[in-house]
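# Residue-level structural notes
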Amino acid sequence: MNAAMKAIGIVLGSVVFLVIAAAVVVFILMKSGPAITSKMMPVTSSHQSVIALDNKMTAFNTAVQNATPGTPVSLNVTQEEITSKVNEELAGIKLPEGLSLGNVTINFQDGKALVSAPIKYSVLSGTAGMALTVQTVNGTPTISVQDVDFGALPIPQALKDQLTGMIPNGGKIDIGNLPVDITGIQIIDGQIVMNGVTK
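Notes on the structure follow. Computed from a prediction, not measured in an experiment: that's the story for all the values here.

## Structural notes on the overall build of the protein chain
Counting secondary structure elements, the protein chain contains 4 helices and 8 strands. Within the span of the protein chain, comprising 199 residues, buried residues form 47% of the whole. Across the protein chain, contacts joining residues at least 24 apart in sequence account for 64% of those joining residues at least 6 apart.

## Examining the packing of helix α2 (residues 47–66) against helix α3 (residues 79–90)
Viewed as axis vectors pointing N to C, α2 and α3 meet at an angle of 105°, and their least axial separation amounts to 8 Å. As far as their axial angle goes, α3 and α2 are roughly perpendicular. Judged by residue contacts, H47, S49, V50, A52, L53, D54 and K56 of α2 engage E80, E81, S84, K85 and E88 from α3. Classifying every residue of the contact of α2 with α3 by side-chain character gives 3 nonpolar, 3 polar and 6 charged.

## Focus on the pattern of salt bridges
All chains considered together, the criterion is met by 3 salt bridges. Between D54 and K85 there is a salt bridge whose closest N-O contact spans 3.3 Å. One end of the pair, D54, is in helix α2; the other, K85, is in helix α3, with 31 residues separating them in the sequence. What makes D54 partly exposed here is its relative accessible area of 28%. Residue class for K85 comes out buried when judged on its relative accessible area of 8%.

## A closer look at the environment of K120
Following the sequence through the fold, K120 ends up in strand β4 (residues 112–121). Spatially, the C-alpha atom of K120 lies 8.4 Å from that of G102, the residues being 18 residues apart in sequence.

## Some words on the environment of Q65
One can find Q65 in helix α2. Taking C-alpha positions, Q65 is 8.4 Å from T198, a pair spaced 133 residues apart along the chain.

## Here we look at α2
Over its 20 residues, α2 extends 29 Å from the first C-alpha to the last, a length consistent with the 28 Å expected when each residue adds 1.5 Å. Turning to α2, its buried residues are S49, V50, L53, M57, F60 and V64. Projected onto a plane normal to the axis of α2, the buried residues spread over an arc of 100° and lie on a single side. Residues of α2 that are exposed and point more than 90 degrees away from the buried face comprise H47, Q48 and N66.

## A look at the pairing of strand β8 (residues 191–198)
As defined by bridge partners, strand β1 (residues 72–78) adjoins β8 across 7 bridges and the pair is classed as antiparallel. Bridging across to β8, S74 finds its partner in N195. Pairing of strand β7 (residues 180–188) with β8, which is carried by 8 bridges, proceeds in the antiparallel orientation. When the sheet's bridge partners are listed, I182 is paired in β8 with G196. Here β7 hands over to β8 after 2 residues, with D189 in that stretch at a positive phi of 50°.

## Focus on the side chain of T133
In this structure, T133 sits in strand β5 (residues 124–137). Given the relative accessible area of 13%, T133 is considered buried. One polar contact links T133 to S144, side chain to side chain, over a distance of 2.7 Å. If near-sequence neighbours (up to four positions away) are discounted, T133 is found in contact with G111, K112, T142, I143, S144 and Q146.

## Digging into unusual backbone geometry
One non-glycine residue, D110, lies in the positive phi region at around 50°. Looking at the secondary structure, you find D110 in the loop between β3 (105–109) and β4. Judged by relative accessible area, D110 falls into the exposed class, the value being 70%. The phi angle at D189 is positive, at roughly 50°, despite the residue not being glycine.

## Examining the sheet that holds β7
A sheet is described by the order of its strands in space; here 3 strands give the open sequence β1-β8-β7, paired in antiparallel fashion. Taken across any chain shown, the strands that pair with only one partner, and hence form the sheet edges, are β1 and β7. Going from strand to strand, the sheet's axes swing by 20° on average, the running direction of each strand aside.

What counts and how
- Residues numbered from 1 in each chain as written.
- Predicted model: local features only at pLDDT ≥ 70, side-chain atom pairs only at ≥ 80, totals over all residues.
- Heavy atoms only, no water.
- Helix = DSSP H or I, 4+ residues; strand = E, 2+ residues; numbered from the N terminus.
- Buried < 20%, exposed > 50% of the residue type's maximum accessible area, 1.4 Å probe, protein only.
- Contact = heavy atoms within 4.5 Å.
- Axes fitted to C-alpha atoms, helices over the stretch in contact; angles between N-to-C directions.
- Parallel < 35°, antiparallel > 145°, perpendicular 65-115°, else oblique.
- Nonpolar A, V, L, I, M, F, W, Y, C, P; charged D, E, K, R; others polar.
- Salt bridge = Lys/Arg side-chain N within 4 Å of Asp/Glu carboxyl O.
- Expected span 1.5 Å × (residues − 1).
- Arc of directions from axis to C-beta.
- Pairing = 2+ DSSP bridges.
- Polar contact = N/O pair within 3.5 Å; in protein donor to acceptor, adjacent residues only side chain to side chain.

Pasting the structure below:
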(Lines give C-alpha, C1' and ligand atoms only; values in the text may rest on other atoms or scores of the structure.)
Protein backbone atom coordinates (compact mmCIF):
# COMPACT_ATOMS: atom_id res chain seq x y z
CA MET A 1 0.00 0.00 0.00
CA ASN A 2 3.04 2.27 0.26
CA ALA A 3 3.06 1.98 -3.53
CA ALA A 4 -0.57 3.10 -3.54
CA MET A 5 0.22 6.28 -1.60
CA LYS A 6 3.15 6.97 -3.89
CA ALA A 7 0.77 6.45 -6.81
CA ILE A 8 -1.65 8.99 -5.32
CA GLY A 9 1.22 11.47 -5.05
CA ILE A 10 2.30 10.79 -8.63
CA VAL A 11 -1.24 11.04 -10.03
CA LEU A 12 -1.99 14.29 -8.18
CA GLY A 13 1.45 15.60 -9.09
CA SER A 14 0.84 14.75 -12.75
CA VAL A 15 -2.48 16.57 -12.72
CA VAL A 16 -0.87 19.64 -11.12
CA PHE A 17 1.96 19.55 -13.67
CA LEU A 18 -0.50 19.35 -16.59
CA VAL A 19 -2.47 22.30 -15.25
CA ILE A 20 0.75 24.27 -14.82
CA ALA A 21 1.84 23.52 -18.39
CA ALA A 22 -1.48 24.77 -19.73
CA ALA A 23 -1.36 27.82 -17.46
CA VAL A 24 1.93 29.01 -18.97
CA VAL A 25 0.18 29.54 -22.32
CA VAL A 26 -2.54 31.77 -20.82
CA PHE A 27 -0.66 33.58 -18.05
CA ILE A 28 -0.70 36.92 -19.79
CA LEU A 29 -4.52 36.95 -19.72
CA MET A 30 -4.86 36.32 -15.99
CA LYS A 31 -6.28 39.19 -13.92
CA SER A 32 -7.46 37.58 -10.69
CA GLY A 33 -6.89 34.47 -8.61
CA PRO A 34 -8.89 31.28 -9.13
CA ALA A 35 -12.25 31.04 -7.38
CA ILE A 36 -11.24 27.58 -6.16
CA THR A 37 -8.43 29.00 -4.02
CA SER A 38 -10.82 31.40 -2.26
CA LYS A 39 -12.43 28.36 -0.62
CA MET A 40 -9.14 26.90 0.59
CA MET A 41 -7.29 26.99 3.90
CA PRO A 42 -3.47 27.08 4.07
CA VAL A 43 -1.74 23.75 4.68
CA THR A 44 1.87 23.40 5.80
CA SER A 45 4.07 20.72 4.24
CA SER A 46 6.51 18.92 6.50
CA HIS A 47 8.72 15.87 6.43
CA GLN A 48 7.09 14.80 9.71
CA SER A 49 3.74 14.55 7.89
CA VAL A 50 5.34 12.40 5.19
CA ILE A 51 6.73 10.11 7.89
CA ALA A 52 3.31 9.99 9.60
CA LEU A 53 1.68 9.01 6.30
CA ASP A 54 4.29 6.34 5.61
CA ASN A 55 3.75 4.93 9.11
CA LYS A 56 -0.02 4.84 8.57
CA MET A 57 0.46 3.03 5.27
CA THR A 58 2.78 0.48 6.83
CA ALA A 59 0.32 -0.17 9.68
CA PHE A 60 -2.60 -0.44 7.24
CA ASN A 61 -0.67 -2.83 5.01
CA THR A 62 0.22 -5.03 8.00
CA ALA A 63 -3.36 -5.04 9.27
CA VAL A 64 -4.71 -6.05 5.85
CA GLN A 65 -2.12 -8.78 5.36
CA ASN A 66 -2.84 -10.27 8.81
CA ALA A 67 -6.64 -10.02 8.69
CA THR A 68 -8.95 -12.87 7.76
CA PRO A 69 -10.96 -12.43 4.53
CA GLY A 70 -14.07 -10.30 4.98
CA THR A 71 -12.59 -8.08 7.71
CA PRO A 72 -13.57 -4.39 7.42
CA VAL A 73 -10.56 -2.05 7.31
CA SER A 74 -10.16 1.70 6.98
CA LEU A 75 -7.43 4.24 6.31
CA ASN A 76 -7.58 7.90 7.29
CA VAL A 77 -5.26 10.40 5.54
CA THR A 78 -5.16 14.10 6.44
CA GLN A 79 -4.75 16.98 4.00
CA GLU A 80 -1.46 17.86 5.71
CA GLU A 81 -0.11 14.36 5.05
CA ILE A 82 -1.12 14.17 1.38
CA THR A 83 -0.03 17.76 0.71
CA SER A 84 3.38 16.94 2.14
CA LYS A 85 3.62 13.71 0.13
CA VAL A 86 2.67 15.43 -3.15
CA ASN A 87 5.20 18.22 -2.59
CA GLU A 88 7.89 15.66 -1.85
CA GLU A 89 7.08 13.78 -5.08
CA LEU A 90 6.98 17.00 -7.12
CA ALA A 91 10.39 18.02 -5.79
CA GLY A 92 11.87 15.34 -8.06
CA ILE A 93 10.20 16.63 -11.25
CA LYS A 94 12.29 18.79 -13.58
CA LEU A 95 10.28 21.80 -14.74
CA PRO A 96 10.81 23.61 -18.07
CA GLU A 97 13.38 26.43 -17.99
CA GLY A 98 11.95 29.67 -16.62
CA LEU A 99 9.02 27.96 -14.91
CA SER A 100 8.90 27.67 -11.13
CA LEU A 101 6.33 26.08 -8.86
CA GLY A 102 5.61 26.92 -5.24
CA ASN A 103 4.27 24.47 -2.70
CA VAL A 104 1.09 22.71 -3.72
CA THR A 105 -1.79 22.99 -1.25
CA ILE A 106 -4.49 20.31 -1.00
CA ASN A 107 -7.69 20.69 0.99
CA PHE A 108 -10.21 17.92 1.66
CA GLN A 109 -13.66 19.46 1.95
CA ASP A 110 -17.25 18.92 0.84
CA GLY A 111 -16.52 15.64 -0.90
CA LYS A 112 -13.71 17.07 -3.04
CA ALA A 113 -9.97 17.53 -3.04
CA LEU A 114 -9.20 21.18 -3.80
CA VAL A 115 -5.71 21.80 -5.15
CA SER A 116 -3.82 25.06 -5.71
CA ALA A 117 -0.28 25.86 -6.74
CA PRO A 118 1.46 29.23 -7.19
CA ILE A 119 3.33 29.32 -10.47
CA LYS A 120 5.77 31.74 -12.08
CA TYR A 121 7.01 31.95 -15.64
CA SER A 122 9.60 34.60 -16.41
CA VAL A 123 8.16 37.84 -14.99
CA LEU A 124 4.58 36.52 -14.96
CA SER A 125 3.03 34.85 -11.93
CA GLY A 126 -0.32 33.50 -10.84
CA THR A 127 -2.14 30.58 -9.25
CA ALA A 128 -3.65 27.46 -10.77
CA GLY A 129 -6.52 25.78 -8.97
CA MET A 130 -8.52 22.62 -9.49
CA ALA A 131 -11.17 20.49 -7.86
CA LEU A 132 -10.91 16.70 -7.90
CA THR A 133 -13.11 13.86 -6.76
CA VAL A 134 -11.79 10.56 -5.44
CA GLN A 135 -14.19 7.63 -5.61
CA THR A 136 -14.23 3.89 -6.11
CA VAL A 137 -14.68 2.36 -9.54
CA ASN A 138 -15.01 -1.42 -9.44
CA GLY A 139 -13.25 -1.52 -6.08
CA THR A 140 -10.37 0.73 -7.22
CA PRO A 141 -9.77 4.29 -5.94
CA THR A 142 -9.99 6.70 -8.89
CA ILE A 143 -9.21 10.42 -9.20
CA SER A 144 -11.11 12.61 -11.67
CA VAL A 145 -10.86 16.32 -12.49
CA GLN A 146 -14.09 18.26 -11.82
CA ASP A 147 -12.91 21.82 -12.37
CA VAL A 148 -9.79 23.69 -13.50
CA ASP A 149 -9.39 27.38 -12.72
CA PHE A 150 -6.71 29.85 -13.88
CA GLY A 151 -8.46 32.94 -12.56
CA ALA A 152 -10.46 35.35 -14.72
CA LEU A 153 -9.82 33.34 -17.88
CA PRO A 154 -12.66 30.88 -18.64
CA ILE A 155 -11.46 27.35 -19.27
CA PRO A 156 -13.25 25.47 -22.09
CA GLN A 157 -14.70 22.06 -21.23
CA ALA A 158 -12.59 20.55 -24.04
CA LEU A 159 -9.41 21.57 -22.19
CA LYS A 160 -10.72 20.13 -18.92
CA ASP A 161 -11.58 16.89 -20.71
CA GLN A 162 -8.11 16.80 -22.29
CA LEU A 163 -6.42 17.28 -18.92
CA THR A 164 -8.57 14.55 -17.42
CA GLY A 165 -7.67 12.21 -20.28
CA MET A 166 -3.95 12.76 -19.66
CA ILE A 167 -4.01 11.59 -16.04
CA PRO A 168 -1.92 8.39 -15.75
CA ASN A 169 -3.97 5.16 -15.76
CA GLY A 170 -7.17 7.15 -16.19
CA GLY A 171 -6.80 8.34 -12.61
CA LYS A 172 -6.90 4.82 -11.18
CA ILE A 173 -4.70 4.39 -8.12
CA ASP A 174 -2.82 1.11 -8.20
CA ILE A 175 -3.11 -0.67 -4.87
CA GLY A 176 -0.82 -3.42 -6.04
CA ASN A 177 -1.34 -6.95 -4.72
CA LEU A 178 -2.87 -5.81 -1.45
CA PRO A 179 -5.76 -8.23 -0.67
CA VAL A 180 -8.46 -5.61 -0.12
CA ASP A 181 -11.44 -4.23 -2.03
CA ILE A 182 -12.01 -0.51 -1.47
CA THR A 183 -15.74 -0.19 -0.83
CA GLY A 184 -16.06 3.54 -0.23
CA ILE A 185 -14.21 6.83 0.04
CA GLN A 186 -15.27 9.85 2.08
CA ILE A 187 -13.75 13.33 1.92
CA ILE A 188 -14.72 15.50 4.86
CA ASP A 189 -13.27 17.86 7.46
CA GLY A 190 -9.69 17.92 6.18
CA GLN A 191 -9.32 14.21 5.71
CA ILE A 192 -9.97 11.38 3.27
CA VAL A 193 -11.20 8.07 4.65
CA MET A 194 -10.94 4.88 2.60
CA ASN A 195 -13.00 1.90 3.71
CA GLY A 196 -12.49 -1.60 2.46
CA VAL A 197 -12.93 -5.30 3.06
CA THR A 198 -10.09 -7.82 3.02
CA LYS A 199 -10.27 -10.69 0.56
